[in-house]
Amino acid sequence: MAILNILHYPDPRLRRVAQPVAQVDAAVRRLVVDMAETMYAAPGIGLAAIQVDVALRVVVMDLSEERNALKVFINPEILARDGVQVMEEGCLSVPGVYDEVERARHIRVRALDADGRPFELEAEGLLATCVQHEIDHLDGKVFVDYLSRLKQNRLRKKLEKQERLAM
Ligand code: NI
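Residues numbered from 1 in each chain as written. Predicted model: local features only at pLDDT ≥ 70, side-chain atom pairs only at ≥ 80, totals over all residues. Heavy atoms only, no water.

Undergrad: What's the story with the overall build of the protein chain in this structure? I'm lost.
TA: A count of helices and strands for the protein chain gives three helices and seven strands. For the protein chain, the N- to C-terminal ordering of α and β elements is α-β-β-β-β-β-β-β-α-α. Computed over C-alpha atoms, the radius of gyration of the protein chain comes to 16 Å, within 12% of the 15 Å expected from 2.2 N^0.38 for 167 residues, which places it in the range of a compact globule. Dimensions along the principal axes, computed over C-alpha positions, put the protein chain at roughly 45 × 40 × 30 Å. Looking at the protein chain as a whole, 43% of its 167 residues qualify as buried. If you take every contact in the protein chain between residues at least 6 apart in sequence, the share linking residues at least 24 apart comes to 64%. Accessible area for the protein chain stands at about 9200 Å²; split by element, carbon and sulfur atoms hold 51% of it. Averaging the positions of the 23 positive and the 26 negative side-chain charges in the protein chain gives two centres separated by 6 Å. (Helix = DSSP H or I, 4+ residues; strand = E, 2+ residues; numbered from the N terminus. Rg over C-alpha atoms; globule rule 2.2 N^0.38 Å. Buried < 20%, exposed > 50% of the residue type's maximum accessible area, 1.4 Å probe, protein only. Contact = heavy atoms within 4.5 Å. Areas by Shrake-Rupley, 256 points an atom, 1.4 Å probe, with all protein chains shown as cover. Lys, Arg positive; Asp, Glu negative; His and termini not counted. Charge placed at Lys NZ, Arg CZ, Asp CG, Glu CD.)

Undergrad: Just to check I follow, could you spell out the pairing of strand β3 (residues 71-82) for this structure?
TA: Looking along a regular strand, one sees side chains alternate from face to face of the sheet. Of the strand pairs in this sheet, strand β2 (residues 58-61) and β3 are connected by four bridges, and their pairing is antiparallel. The residue bridging V59 from the neighbouring strand is F73, located in β3. In terms of strand pairing, β3 meets strand β6 (residues 106-112) through six bridges, oriented antiparallel. Counterpart to A80 in the pairing with β6 is R108. (Pairing = 2+ DSSP bridges.)

Undergrad: Looking at this structure, how should I read the coordination of the nickel ion?
TA: Ideal coordination angles are 109.5 degrees for a metal with four donors arranged tetrahedrally and 90 or 180 degrees for a metal with six donors arranged octahedrally. Only C91 (SG), H133 (NE2) and H137 (NE2) from the protein reach the nickel ion as donors, at distances of 2.1 to 2.2 Å. Positions of the donor residues of the nickel ion along the chain correspond to the pattern C-x41-H-x3-H. Residue C91 is located in the loop between β4 (85-89) and β5 (99-103), and its partner H133 is located in helix α2 (residues 125-138); the two are separated by 42 residues in the primary sequence. Take C91 and H133: they sit in the same class, and that class is buried. (Donors = N, O, S within 2.8 Å, 3.2 Å for Na, K, Ca; no water.)

Undergrad: How do you make sense of the environment of V101 when you look at a structure like this?
TA: With respect to the helices, strands and loops of the structure, V101 is situated in strand β5. The sequence separation of V101 and P76 amounts to 25 residues, and the corresponding C-alpha distance is 21 Å. In contact with V101, other than residues within four places in its own chain, are Q85, V86, M87, E89, F143 and Y146.

Undergrad: Even after reading the chapter, I still don't get unusual backbone geometry, so can you show me in this structure?
TA: Most peptide bonds are trans, and most residues other than glycine sit at a negative phi. The step from Y9 to P10 runs through a cis peptide bond, and the omega angle for that step is 5°. Residue placement: P10 occurs in the segment before α1 (26-41). Cis rather than trans, the peptide bond between A42 and P43 has omega equal to -10°. The phi torsion at R67 lies on the positive side, around 60°, for a residue other than glycine. Take R67: it is sitting in the loop between β2 and β3. Relative accessible area serves as the criterion here: at 27%, R67 is assigned to the partly exposed category. Unlike most non-glycine residues, N75 shows phi in positive territory, near 55°.

Undergrad: Help me understand a nonpolar patch on the surface, please; the structure alone is not making it clear to me.
TA: Among the surface-exposed residues, I45, L63 and L126 lie close enough to one another that they form a single nonpolar patch of about 220 Å² accessible area. Tracing the backbone through its elements, the reader meets L126 in helix α2. Residue L126 is classed as partly exposed on the basis of its relative accessible area of 40%. (Patch = residues over 30% accessible without salt bridge, like charges linked within 9 Å, V, L, I, M, F, W, Y side chains within 5 Å. Salt bridge = Lys/Arg side-chain N within 4 Å of Asp/Glu carboxyl O.)

Undergrad: What am I meant to see in the side chain of S93 here?
TA: Inspection of the secondary structure assignment puts S93 in the loop between β4 and β5. There is a polar contact of 2.9 Å between the side chain of S93 and the side chain of Q51. Contacts of S93, omitting those with residues within four sequence positions, involve I6, L7, H8, Y9, L14 and Q51. (Polar contact = N/O pair within 3.5 Å; in protein donor to acceptor, adjacent residues only side chain to side chain.)

Following this line, the structure appears as structure tokens:
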């Protein structure tokens, strides 16, 4: 097991479109284990492989308070969506930034689990928002893309300043 390095916005590597997993083999299972460890250590509730610089369609998530209900989505696809909800989101790749994003309230998603078995899941509320947030990562999108241009400019300035101070 290993804790992986998480890329931070606006790193251009977060903009890549992740490739489907051809086969859930030992390397993919190892990636899932390392991603889960990285997410729990952060701590966070969801992590997409692109955030640890692996351009594969793999997501791990755990919304439980006990942190013992790991969900793995390999090659996830949203089959249906309806309704609208606004929730405050954050992201391990955008530390310290939280803002409201509008997304579908209810979705049906299909994916492979960590053993490569297909499953379908109905999700609403926080789970629905999380799944949409993580699938966005697989398509090179970050939640701040939904914020107003003014907020995005402010955020970019703040991050540039932090980087200058860190040099
Ligand atoms: Ni995120």
